[in-house]
Amino acid sequence: MGVLTESEVRRQIGKNKEKMTEYYIEKGQIITPSAKSYLSEKSIELKYVDKLSEVDNRQNEVIKEVIKEKTYKYITVFGAKLDKKPEHMTHLNGNLLVFKDHKRIILRGKIDSLESKILEGQILSQKNNMTKLVKDLQEVLDFVRNIMRCEVLEEKLEDFTILGLTSEELREQSHHPKKYFGIGHEFPTYEMGEVVVSINSIRSETREVELCAYEAFKGKYGQVEREDLIKALNILSSVFWIMIYKIRTGKYK
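Below or above, wherever it landed, is the structure these notes cover. (Residues numbered from 1 in each chain as written. Predicted model: local features only at pLDDT ≥ 70, side-chain atom pairs only at ≥ 80, totals over all residues. Heavy atoms only, no water.)

## Remarks on helix H2 (residues 33-41)
Two residues of an α-helix separated by three or four positions point the same way, owing to the 3.6 residues in each turn.
And then number 1: Among all positions of H2, only Ala35, Tyr38 and Leu39 are buried. The buried residues of H2 occupy an angular sector of 95° when the element is viewed end-on, so they sit on one face. Exposed residues on H2 whose side chains face more than 90 degrees from its buried face are Pro33, Ser40 and Glu41.
And then number 2: Looking at the buried side of H2, the elements it contacts are strand E1 (3-4), helix H1 (6-13), strand E2 (22-26), strand E3 (30-31) and strand E4 (45-49).
And then number 3: Taken from the residues just after H2, serine 43 is the one with a positive phi, measuring 60°. (Buried < 20%, exposed > 50% of the residue type's maximum accessible area, 1.4 Å probe, protein only. Helix = DSSP H or I, 4+ residues; strand = E, 2+ residues; numbered from the N terminus. Arc of directions from axis to C-beta. Contact = heavy atoms within 4.5 Å.)

Following this line, the structure appears as structure tokens:
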């Protein structure tokens, strides 16, 4: 066990001398008078212990008392740390803040609006005694909310079925209504009734959400990060076409 000199004590304490109150060494450790004097000048009490723990050894290499860095509640994508969330910022995930016009935040707002449209569609369907359509819309609403969840938590959206159909089957039926529903593809009109117009409005809202998702997740050269979410939103358009065909052919009565 060597002699503990003033220069060694200074090195170990470093810049933390103003925050330290105690300095530990093992019994039997020789410490020079100048080192003791330095500790006294800094109002740091010298204490002897039988054996320094592993933690104490590590602390004494730099500082006896661990000075914790100030912690902050929030961080920003620019690296800034904040205790209070500014009103013009919101959570991207966890405690990471972004401006409210961030593309992923805009996407979440669009998904929220889509959910509202679906709820309005359910009320209208209920008024028209289309109970099965209300249930189908609820399935879609749950699916949309899961898309939101996967986006926020950055989780992968697993393979899915809607209305009991896979994505390939949904696309097939929506593209060939004559084969599956006995009617050709028609552009919606007011004469088809308020429920058809409502479902078509939800369908067009879905297309806007899909474009928003692409804008949020596209890379510099057009590649996308979240193909799972974009594919799911694209398939939803087919789901609403199928609903329209079912309404037109009386399958929801």
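## Some words on the sheet that holds strand E5 (residues 74-76)
And then number 1: Read across the open sheet, the four strands follow the order E6-E5-E8-E7; overall the sheet is mixed. With partners counted over all chains shown, the strands left at the sheet margins are strand E6 (81-82) and strand E7 (89-93), one partner each.
And then number 2: Together, E7 and strand E8 (96-99) form the strand contacts of helix H4 (residues 103-127), whose direction differs from that of E7 by roughly 90°. (Pairing = 2+ DSSP bridges. Axes fitted to C-alpha atoms, helices over the stretch in contact; angles between N-to-C directions.)

## Observations regarding the environment of leucine 119
And then number 1: Note that leucine 119 resides in helix H4.
And then number 2: Distance from leucine 119 to isoleucine 202, taken between C-alpha atoms, is 9.9 Å for residues 83 residues apart in sequence.
And then number 3: With near-sequence residues (within four places) excluded, leucine 119 lies in contact with Leu141 and Arg145.

## Re the packing of helix H5 (residues 131-153) against helix H9 (residues 227-248)
And then number 1: Running from amino to carboxyl end, H5 crosses H9 at an angle of 170°, the nearest separation of the two axes being 11 Å. Our classification of the angle between H5 and H9 gives roughly antiparallel. Together, Leu133, Asp136, Leu137, Val140, Phe143, Val144, Ile147, Cys150 and Glu151 of H5 and Leu229, Ala232, Leu233, Leu236, Val239, Phe240, Met243 and Ile247 of H9 make up the contact between the two elements.
And then number 2: Classifying every residue of the contact of H5 with H9 by side-chain character gives 15 nonpolar, no polar and two charged. (Parallel < 35°, antiparallel > 145°, perpendicular 65-115°, else oblique. Nonpolar A, V, L, I, M, F, W, Y, C, P; charged D, E, K, R; others polar.)

## Re the packing of aromatic side chains
And then number 1: Within this structure, the stated rule accounts for three aromatic pairs.
And then number 2: For the pair tryptophan 241 and tyrosine 245, a centre-to-centre distance of 6.1 Å together with 20° between the ring planes defines the contact as stacked. Of this pair, tryptophan 241 and tyrosine 245 both sit in helix H9, separated by four residues, roughly a single helical turn.
And then number 3: We classify tryptophan 241 as buried; its relative accessible area is 13%. (Phe/Tyr/Trp six-rings, centres within 6.5 Å; stacked < 30°, edge-to-face > 60°.)

## Topic: the pattern of salt bridges
And then number 1: Considering all chains together, one arrives at 16 salt bridges under this definition.
And then number 2: Note that glutamate 115 is salt-bridged to arginine 145, the shortest N-O span being 3.4 Å. Of this pair, glutamate 115 sits in helix H4 while arginine 145 sits in helix H5, placing them 30 residues apart in sequence.
And then number 3: Of the charged contacts in the structure, one is a salt bridge between lysine 179 and glutamate 172, with a shortest N-O distance of 3.6 Å.
And then number 4: Given a relative accessible area of 27%, glutamate 172 falls into the partly exposed group.
And then number 5: Salt bridges sharing common partners tie together Arg104, Arg108, Glu151 and Glu154. (Salt bridge = Lys/Arg side-chain N within 4 Å of Asp/Glu carboxyl O.)

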